[in-house]
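Structure assessment
This is what each chain is made of:
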Amino acid sequence: MIGIYSWFVPQVFRASQSRQAGLFPGLLPAIGAAGAKALRTCGIIAYSSPTIREPGPSLLDIVFSATTVSYAGRTALQPLDLRLSERRIGVVGLNGSGKTTMARLINGLVKPTSGTVTVDGLDTVKDEQAARGKTGFIFQNPQHQMILPILAEDIAFGLKNRGLGKAEIAEKTEAVLARFGISHLARRRVHELSGGETQLGAIASVLVTGPDLLILDEPTNQLDLKNRALIERTIA
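In this text the structure is predicted, and so the values were computed from the model without any measurement. (Residues numbered from 1 in each chain as written. Predicted model: local features only at pLDDT ≥ 70, side-chain atom pairs only at ≥ 80, totals over all residues. Heavy atoms only, no water.)

Positive phi, normally seen in glycine, also occurs at Asp120, with a value near 55°. Look at Glu218: it is not a glycine, yet its phi comes out positive at around 50°. By secondary structure assignment, the location of Glu218 is in the loop between strand E9 (213-217) and helix H8 (225-235). (Helix = DSSP H or I, 4+ residues; strand = E, 2+ residues; numbered from the N terminus.)

As structure tokens, then:
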């Protein structure tokens, strides 16, 4: 599983550091000098931390080729040529620097204004459904992706859309609830969950479908210290 984490981390990132130092000391660049230079033009730092690296070969190949994004004439992402193949990648940058836009390009939620993005050779525009089927996306506010009122039903929703039988859906739903230690929340209403519980429920609802790639957009934003620690342990 590849994770791309798009978040702002005040304790390790300062605007002055981004302008003066570029890549942070002590963080292992995951993208090479050319990619780092391209991202710095957007005020973004990409890194692979030694504390979260996993052994073994990478699973996917994500390629940005001369990729730009503009909204009503305003540039959201400068031309980007970048290949990502690390198992875990962190994207850190200032608010408004293009982190979310970059993340959403990978699963086709945002389309390039020019250039291309491919995921394992699949163009996110020409092969949109196939490319999106490889990725799971956790939004900044996970409540925005919770569709059904009961947590277990929401987790099962994606499996029903894939045409699985009732027995298999029940088995997979129970398994992912147990995996994240939230079986006791199965019959709870999603609007009654805490911030950390909601985030875990959203992650479970995405991972139950077995995506090859997981994208988390600021997964600990708006959480208190207790729930932040819970989510960090889960995705570590």
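Tracing the chain through its elements places Thr209 in the loop between helix H7 (195-207) and E9. There is a polar contact of 2.8 Å between the side chain of Thr209 and the backbone oxygen of Val206. Non-local contacts of Thr209, meaning those with residues more than four positions away in its chain, are made with Gly158, Leu159 and Arg162. (Polar contact = N/O pair within 3.5 Å; in protein donor to acceptor, adjacent residues only side chain to side chain. Contact = heavy atoms within 4.5 Å.)

As a further point, take the packing of aromatic side chains. What the rule picks out here adds up to 1 aromatic pair. Judged by centre distance (4.9 Å) and plane angle (55°), the ring pair of Phe137 and Phe139 falls under tilted. According to the relative accessible area criterion, Phe137 is buried, its value standing at 7%. Given the relative accessible area of 25%, Phe139 is considered partly exposed. (Phe/Tyr/Trp six-rings, centres within 6.5 Å; stacked < 30°, edge-to-face > 60°. Buried < 20%, exposed > 50% of the residue type's maximum accessible area, 1.4 Å probe, protein only.)

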